[in-house]
Amino acid sequence: MANWQWFHKWGSPRWFYYLSGRLLPWLAVPALLLLVGGCIWGLAFVPADFKQGNSFRIIYIHVPAAAVAMGGYMLMAVAAAVHLIWRMKLAAIVMKSAAPIGAALTFLALFTGAVWGKPTWGTWWVWDARITSVLILFFLYLGLIALHQAFENRDAAARACAVLAIVGAVNIPIIYWSVEWWYSLHQPASIKFVGESTIHPTMLRPLMATLSGMYLFFGWVLLLFVRAEILERERNTRWAQELLGGDVRGG
Amino acid sequence: MVFSSLSELWQMAGHGPYVWSSFGVSALVLAGLLLESLRRNRAARALVASATRRRQAERQHSSQ
Amino acid sequence: MRQVGLLSVMAVVLRRDLQSALRRGSEWSNPLLFFIMVCSLFPLGIGPERQQLAVLAPGIIWVVALLASMMASDGVFRSDYDDATLEQLLLSPLPLYPLVLAKTLAHWLVSGLPLSLLSPLLATILQLPAAGFGVLLASLLLGTAVLSFIGAIGAALTVGLRRGGLLLSLIVLPLYIPVLIFGSAAVKNVIDGAAYLPSLAVLAALLMLALALAPLAIAGALRISVDQ
């Protein structure tokens, strides 16, 4: 029993540090290739949309950012549940590390959405259902980060944020659905946006590239943040010091 | 390429400022995330190194 | 311990909370005063035209009621935390669900209920058409109950922090959004002559969901706040 707890307390981050080190290049290289390649493809080699012109090319960064921000929240909620149920510290680190990345991607989705709105709708901001939902997701991320910062005790911060992340994840479907409903209630049909169904397959392929690239990028940067946090927490352990070349056996 | 020249690619028939500012800010934010994560890894390594030095100093002190 | 019925536990907690709220009048009167004052600011900011106010009234009343309920939420567990009653309650072998339910119900009775009952007065000064009064009252009765549950989650998470007040609003307001949407939509619908029952039904469904799940989150959050 004691051994098993020792494994959970210290062994797991160490194992994760080794494993993630192996994994990093397999995420980094395809992430960069897909993101950069997909953007060049979408910017220069795809014909312009016949309704929106060239501004539709923003989709290649807007949709991946929004999708991965959403997926990041769900990942955070899963990590939160794992942390609360099994008290796994690694899960708390994953949850804490995912929050700033997700918030940054949500900001990107909002910014690119606003810039896209100007040539499409003639205004920087439209209270459209999807943009409003992303805005609320941004607020949820910021609330989590603010709550984490307010605690002085690291473990209490992780557990409180885990509760909030799960509450948020339960609420997200309700929020999205209610915003969708609210939009359909207020939106005059004449301003309806071009439906997604009109997207041509040639336009879709670069989107698949940047979308998968963004997921890989998220995984890559998440691992980097998690590794930094692990090292910081484990700096007094023998394995961390041996790993970085310190002679811990002493003179 | 669907554009006949680089300057046409830059202007995108009037949508250039919107498209390029979107991609530019995105590149900045993503690069910022990456650099911040690398910076934290460096800082964490420095912490481990100083903890190692402290431990070695203690060992030497106790062995004397 | 088996002899202690859940209902009697709830009744004890409820009576105790209500008595202390009545003793300190500010607990129930401050949110009400806030509700009245902020609602009266809107005509000063927007202008006194009746038509315009009538259009905005459902949204204004709902947003201000939401803020008032949120500010009241900050105090749900505060005094119990400060005098360590909360710790005693958590250490007791009683199940937490009914305890938390009773505390949230007490909070709603001293904040959401008076806010809802006062709403026809504010609807009058904001020129809301008389047809909307009944649905406004009904939507607020249902909606503020959901707000009390969500607010209690935020209060339970922040009760151990020294500067909880503003933080509470950051974590709770995004979660309030569905209630705001369906609450104000119900009032708008009845004024426009559209069906308002679906919106009220959604509010009732949200209340059932909150009733089932929120006490679990509140109980978990309280344990964290007391443990630290």
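Located above this text is the structure these notes cover.
Definitions and cut-offs
Residues numbered from 1 in each chain as written. Chains lettered and ligands numbered in written order. Predicted model: local features only at pLDDT ≥ 70, side-chain atom pairs only at ≥ 80, totals over all residues. Helix = DSSP H or I, 4+ residues; strand = E, 2+ residues; numbered from the N terminus. Buried ≥ 20, exposed ≤ 12 C-beta atoms within 10 Å, placed from the backbone. Contact = placed C-beta atoms within 7 Å. Nonpolar A, V, L, I, M, F, W, Y, C, P; charged D, E, K, R; others polar. Core = buried A, V, L, I, M, F, W, Y, C linked by C-beta atoms within 7 Å.

This part takes up the overall build of chain A. Looking only at helices and strands, chain A features seven helices and zero strands. Burial status across chain A gives 47% buried among its 251 residues. Counted over contacts in chain A with a minimum sequence separation of 6, partners at least 24 positions apart contribute 79%.

We now examine the interface of chain A and chain C. Where the parts come together, the accessible area they lose is often given as the size of the interface. On the side of chain C, 20 residues touch chain A, which itself brings 23 residues to the contact. Per-element tally for the side of chain A that touches chain C: the top contributor is helix α5 (residues 154-186) of chain A, with 13 residues. Residue composition of the side of chain A that touches chain C, by class: 18 nonpolar, four polar and one charged.

Turning next to unusual backbone geometry. Its identity as a non-glycine residue notwithstanding, Ala13(B) has a phi of 55°, on the positive side. Along the chain, Ala13(B) turns up in the loop between α1 (6-11) and α2 (16-63). Phi at Ala84(C) is positive, roughly 70°, even though this residue is not glycine. Examined against the element boundaries, Ala84(C) turns out to sit in the loop between α4 (78-82) and α5 (85-91).

So, about the interface of chain A and chain B. At the interface, 37 residues of chain A touch 34 residues of chain B. Broken down by element, the residue count for the side of chain A that touches chain B peaks at nine residues, all from helix α3 (residues 89-121) of chain A. When grouped by side-chain class, the residues that make up the side of chain A that touches chain B number 23 nonpolar, nine polar and five charged.

Let's shift gears to the nonpolar core. Grouped together as the largest cluster of nonpolar side chains are 163 residues, with contacts concentrated most on Met95(A) and Ile61(C). Those residues in contact with Ile61(C), other than ones at most four positions away along the chain, are Cys39(C), Ser119(C), Leu122(C), Ala123(C), Leu126(C) and Leu136(C).

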